[in-house]
Amino acid sequence: MIPSNKPFFDDTEIEYATASIQSGNIAGDGPFGRKLENKLSDYLECKHALLVNSCTSAIEISLFALGIGPGDEVICPSFGFVSVANAILQCGAKPVFAEIDYETMNLDPAHTEKQITTRTRAIILIHYAGMSCDLVSFSELKEKHGLYLIEDAAQALGSKLQGKALGTFGDSGCFSLHETKNLTCGEGGIFVTNDDNIAQQAEIIREKGTNRSSFLRREVQKYTWVGRGSSYILSDILAAVALAQFEKIEPILSSRTKIAEFYQNAFAPYNYITPPTIPDGCKPNWHLFALRINKLHRDIFLEKLKSKGIGASFHFVPLHSAPYSKTKLKGGNVSLPVTDRVASELIRIPIYPQLSNAEKESVVSSMEEVAEELGLE
Ligand SMILES: Cc1ncc(COP(=O)(O)O)c(C=O)c1O
């Protein structure tokens, strides 16, 4: 079986995790974590990078730090991971689903603007597959309507738009270090912001509502309860693993790019495949290779590829049509035809640095065999 994804580890992860365990300094905000946070803020060219235990936590922190709560509405895509909608519910606000653009599969600014009401406080963007949203239009919407912009960059660590890192355009950015992501420590995340006040709030929220981080920097003599918060910090053992991963970010990105180029060339002759669209000015991290095939054939492709040992999969069950939306969310049950279409056509095929030439060729030839059986060209 060729899986859809594989973490890219070597001995460094074991070495750093062992060093962390042996140091006895394994809670959050430890030496490995602080070193990685500094490296991340340099790499992303943003003022503050805070390690947290998941991207979901980073999104929750964003909403709490921005003061979003009951009575507020937050616009987000329905074509996305459930973390975004759940984080909005966690802070007592209402998720409002907007439509995506068919080509980029990212939130459509025009449809988003139509969902803005007097209650709207924020927009959460998802950079699907590491491809950038239309950040020029969303920055204009933010200014025009006085909204906060949060970037769910779970899939986008290492992606850039016009040379600037995705995740650093909005009021905050949220990255994932989950097992499936380009860099991983099993479960983990990164919260980033350029705003000192938001960073200060976020630091308190991630440390159970205390100023422990200030205490560790010797800014205060004791730490105490100073605000609302929860337990969102990343253990230093996992930060050590994440640091080892971060040191390999360039080879990881370049091997993913080579694989994506191989697939793009291999599929170019076929009309039955809609290849991924790279937005203008975007340099993606190729977190996923997501192509589209007519919905009449998509599930047959998934089934047949699986039987040939290829780990291909769909993405996502749209949130507006999920059982929880339908039964529990008033107004969650909207009509989003582009979202439904993308979700019915999408296929993700294996992409990860260790994928060999023979395996890449096997993915392509398996696709070609299925297409031939179905009479597609
Ligand atoms: C777009 C998106 N947002 C959020 C998440 C959640 O990330 P985590 O598992 O780190 O909480 C994921 C994870 O797959 C994701 O793809």
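Residues numbered from 1 in each chain as written. Predicted model: local features only at pLDDT ≥ 70, side-chain atom pairs only at ≥ 80, totals over all residues. Heavy atoms only, no water.

Asker: Looking at this structure, how should I read unusual backbone geometry?
Answerer: Not every positive phi belongs to a glycine, and R218 is a case in point at roughly 60°. Note that R218 resides in the loop between α8 (212-216) and α9 (236-246). Taking relative accessible area as the criterion, R218 reaches 77% and is therefore assigned exposed. (Helix = DSSP H or I, 4+ residues; strand = E, 2+ residues; numbered from the N terminus. Buried < 20%, exposed > 50% of the residue type's maximum accessible area, 1.4 Å probe, protein only.)

Asker: What exactly am I supposed to notice about the packing of aromatic side chains here?
Answerer: Both the distance between ring centres and the angle between the ring planes are used here to describe each pair of aromatic rings. This structure, assessed with the given rule, holds 13 aromatic pairs. Grouped by ring-pair contacts, the aromatic residues F262, Y263, F267, W286 and F289 constitute a single cluster. In this structure, R341 packs its charged tip against the face of Y102, placed 4.1 Å from the ring centre. Over the aromatic face of F262 sits the side chain of K360, whose NZ or CZ is 5.1 Å from the ring centroid. (Phe/Tyr/Trp six-rings, centres within 6.5 Å; stacked < 30°, edge-to-face > 60°. Lys NZ or Arg CZ within 6 Å of the ring centre and 35° of its normal.)

Asker: Hey, could you run me through helix α7 (residues 196-206) in this one?
Answerer: The periodicity of an α-helix, 3.6 residues per turn, causes residues three or four positions apart to be oriented the same way. Along α7, the residues that are buried comprise I198, A199, A202, E203, I204, I205 and R206. If you follow the buried residues of α7, they end up packed against α2 (31-44), β1 (48-52), α3 (55-65), β9 (189-193) and α8. Structurally, the start of α7 carries an N-cap: the backbone nitrogen of N197 is 2.8 Å from a side-chain oxygen of D195. Two residues or fewer after α7 comes K208, characterised by a positive phi angle close to 60°. (Contact = heavy atoms within 4.5 Å. Polar contact = N/O pair within 3.5 Å; in protein donor to acceptor, adjacent residues only side chain to side chain.)

Asker: Which parts of the structure should I look at to understand a negative patch on the surface?
Answerer: Taken together, the side chains of D101, E103, D134 and E140 make up a negatively charged region of the molecular surface. Relative to the assigned elements, E103 resides in the loop between β3 (94-98) and α5 (109-114). Residue class for E103 comes out partly exposed when judged on its relative accessible area of 39%. (Patch = residues over 30% accessible without salt bridge, like charges linked within 9 Å, V, L, I, M, F, W, Y side chains within 5 Å. Areas by Shrake-Rupley, 256 points an atom, 1.4 Å probe, with all protein chains shown as cover. Salt bridge = Lys/Arg side-chain N within 4 Å of Asp/Glu carboxyl O. Lys, Arg positive; Asp, Glu negative; His and termini not counted. Charge placed at Lys NZ, Arg CZ, Asp CG, Glu CD.)

Asker: What is the right way to read the domain arrangement of the chain from this model?
Answerer: Many structure descriptions define interface size as the accessible area lost when the parts assemble. Structurally, the chain comprises domain 1 (11-246) and domain 2 (249-373). Look at where the C-alpha atoms of domain 1 and domain 2 centre, and you get two points 25 Å apart. Facing the 40 residues of domain 1 at the interface are 42 residues of domain 2. With both sides pooled, the region where domain 1 packs onto domain 2 buries about 3,400 Å², and carbon together with sulfur makes up 63% of that total. Summed over the three residues of domain 1 that lose the most area to domain 2, namely Y102, M131 and N182, the buried surface amounts to 22% of that side. Inspection of the region where domain 1 meets domain 2 yields zero salt bridges. (Domains from an automatic or database assignment. Buried area = accessible area lost by both parts, 1.4 Å probe.)

Asker: Sorry, what's going on with the pairing of β3 here?
Answerer: Side-chain direction in a regular strand flips from residue to residue, so the side chains alternate between the two faces of the sheet. The element β3 is largely enclosed, with a buried count of four among its five residues. Pairing of strand β2 (residues 73-77) with β3, which is carried by five bridges, proceeds in the parallel orientation. Its bridge partner lying in β3, E73 is registered against K94. For the crossover from β2 across helix α4 (residues 82-90) to β3, the handedness is right-handed. (Pairing = 2+ DSSP bridges. Right-handed = clockwise from strand over helix to strand, strands pointing away.)

Asker: Can you help me understand the sheet that holds strand β11 (residues 282-283) in this one?
Answerer: Through backbone hydrogen bonds, the strands of a sheet pair up, either in parallel or in antiparallel fashion. Here three strands make up an open sheet; going across it, the order is β7-β6-β11 and the pairing antiparallel. If you trace the sheet from one side to the other, it starts and ends with β7 (164-165) and β11, each paired once. Taken together, the two bridges between strand β6 (residues 160-161) and β7 define a ladder with antiparallel strand orientation. Looking at the pairing, L161 lines up with K164 of β7.

Asker: Explain the packing of helix α10 (residues 249-267) against helix α14 (residues 357-373) here, please?
Answerer: When two helices pack together, you describe them by how their axes are tilted relative to each other and by the distance separating the axes. For the pair α10 and α14, the least separation of the axes is 11 Å and the interaxial angle reads 30°. Judged on the interaxial angle alone, α14 and α10 are roughly parallel. Seen from above, α10 lies across α14 with right-handed handedness. Of the residues in α14, those touching α10 at I259, F262, Y263, A266 and F267 are K360, E361, V363, V364 and M367. Each residue belonging to the contact of α10 with α14 can be placed in one class, and the counts come to eight nonpolar, no polar and two charged. (Axes fitted to C-alpha atoms, helices over the stretch in contact; angles between N-to-C directions. Parallel < 35°, antiparallel > 145°, perpendicular 65-115°, else oblique. Left-handed = near helix turned anticlockwise from the far one by under 90°. Nonpolar A, V, L, I, M, F, W, Y, C, P; charged D, E, K, R; others polar.)

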